[in-house]
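# Descriptive analysis of the structure
In case you want the letters, here they are:
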Amino acid sequence: RFDMIGGLGHPWLKGHTPHLDRLIARGVHFRNPFVTTSLCSPSRASVLTSRYMHAHGITDNFTPLNPSLPTFPRLLQDSGYRTGYFGKWHMGGEGDEPQPGFHEWLSFRGQGEYLNAEVNRNRVRSKRPGFLTEVLTNEACAFISANKSRPFCLYLSHKAVHSPFQPLDRHVGLFRDLRAPRPETMNYREEFYEQWPEWVRRRRLTRHGVDGRLGTDEPFDDLYRKYCQCLLGIDEGVGQVLAELERHKLLEDTLVIYMGDNGYMWGEHGLIDKRAMYESSIRIPLIAHC
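Residues numbered from 1 in each chain as written. Predicted model: local features only at pLDDT ≥ 70, side-chain atom pairs only at ≥ 80, totals over all residues. Heavy atoms only, no water.

## Some points on the nonpolar core
Nonpolar side chains in soluble globular proteins generally cluster together in the buried interior. Note the following rule: Nonpolar core, defined: a set of buried Ala, Val, Leu, Ile, Met, Phe, Trp, Tyr and Cys residues in which side-chain atoms within 4.5 Å join the residues together. Residue exposure (1.4 Å probe, protein chains only): buried if accessible area is under 20% of the type maximum, exposed if over 50%, otherwise partly exposed. Each helix is a run of DSSP H or I of at least 4 residues and each strand a run of E of at least 2, with the numbering of both proceeding from the N terminus. The contact definition used throughout considers only heavy atoms, calling two residues in contact when any of these lie within 4.5 Å.
Formed by 51 residues in total, the largest nonpolar core has its most connected members in Leu23, Phe165, Leu245, Tyr258 and Trp266. Secondary-structure elements contributing two or more residues to this core are α1 (18-26), α5 (132-146), α8 (220-247) and β7 (256-259). It is α8 that contributes the most residues to this core, 13 residues altogether. Excluding residues within four positions of it along the chain, Leu245 makes contact with Ile144, Phe152, Leu250, Leu251, Thr254 and Val256. Listed in part, the 11 residues of the second largest apolar core include Ile58, Leu65, Tyr85 and Phe102.

## Looking at the pairing of strand β4 (residues 118-121)
Defined as follows: Any two strands with at least two DSSP bridges between them are considered paired.
As paired elements, strand β3 (residues 104-107) and β4 share two bridges and run antiparallel to each other. Residue pairing across strands places Leu106 opposite Arg121, the latter belonging to β4. Bridging between β4 and strand β5 (residues 124-127) involves four bridges; their strand directions are antiparallel. In the sheet register, Asn120 faces β5, and the bridge partner there is Arg125.

## Brief notes about the pattern of salt bridges
Stated formally: Salt bridges are counted wherever a side-chain nitrogen of Lys or Arg sits within 4 Å of a carboxyl oxygen of Asp or Glu.
Under the definition given, this model contains 24 salt bridges. Residues Arg182 and Asp221 are paired through a salt bridge, measuring 2.8 Å at the closest nitrogen-oxygen approach. Of this pair, Arg182 sits in the loop between β6 (152-157) and α6 (190-193) while Asp221 sits in helix α8, and the two are 39 residues apart along the sequence. For Arg182, a relative accessible area of 29% puts it in the partly exposed group.

## Notes on the side chain of Gln229
Counted only if it meets this: In the analysis that follows, any N or O atom pair within 3.5 Å is treated as a polar contact, provided that within protein one partner can donate a hydrogen and the other can accept it, and provided that, for residues neighboring in sequence, both atoms belong to side chains.
Take Gln229: it is sitting in helix α8. Separated by 3.5 Å, the side chain of Gln229 and the backbone oxygen of His171 make a polar contact. In this structure, Gln229 is in contact with Pro167, His171, Val172, Gly173, Leu174 and Phe175, ignoring residues within four places of it in sequence.

## What about the sheet that holds strand β2 (residues 82-87)?
Stated precisely, the cut-off is as follows: To define axes, lines are fitted to C-alpha atoms, for helices over the stretch in contact only, and angles between the resulting N-to-C directions are given on a 0 to 180 degree scale.
With mixed pairing, the five strands of this open sheet are ordered in space as β5-β4-β3-β2-β6. Whereas interior strands pair on both sides, the edge strands pair on one side only; in this sheet they are β5 and β6. In this sheet, adjacent strand axes meet at a mean angle of 15° when their direction is disregarded. Set on the sheet, α5 makes contact with β2, β3, β4 and β6; between it and β6 the angle comes to about 180°.

## Here's the deal with α8
Because the α-helix completes a turn every 3.6 residues, residues three or four places apart line up on one side. Note the threshold: Take the number of residues in a helix, subtract one, and multiply by 1.5 Å to get its expected span.
Relative to the 40 Å expected for 28 residues at 1.5 Å per residue, α8 spans 42 Å between its end C-alpha atoms, a close match to the ideal helical length. The element α8 is largely enclosed, with a buried count of 21 among its 28 residues. Looking one or two residues past α8, Lys249 carries a phi angle of roughly 55°, positive in sign.

Here you go:
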């Protein structure tokens, strides 16, 4: 979500996201970017096509992207760029087949797995030992190295920080003694629900509410802690990508964009997860470094 970076003042993450902090310090931080649909597939389709949901036609997580729609990677590919996609696609349910606009491809079915995931690498499926955040980052760095002498477009799309959260072993245990923040609207108060639609009250008990907690029996603080821990793996990956660009003397000649496709609510309006058009859900981080 929009505020989960140490350099933006998050109390838990201060000092723990040095590479994202570096992007902010040396680049441009957009303070008020929003997605139009706080759900994985529609939001990702909008990023690729620059179209609203009603125009690109993906209204759920099961509809595939129309291959005839123009996307920015296809335009760059047509202009001579080498293009690569590495990570979560998640448009079309369980589909992981290579998509138009990309010379290189690595993805996985649906949400994938954090550990020892099965991936589709250029139409060949295989198990990849290790942690998926690191696998994707290493593939991205290899793509940079292989294409250092030509224009390229790299699209790195992490599974993290999606639930069920599974952080890297080295990050387990961090923030152990900290209590997650409680938004003012998290606790049940009758005066709130007298003003809101009835579904907000009912939703508290589903996996999207604080009383259903993503379909688990884990305490709220533990879920929030794992979310932050997962983010640290992404920050380390950002550092690797920047280092690879520096190694090939490309950092000053490459536009690096960091963003999310939606943000988790952590107790706002008694909700967890996303899927509702509240600011904490549709507001995202957006940083550009060039």
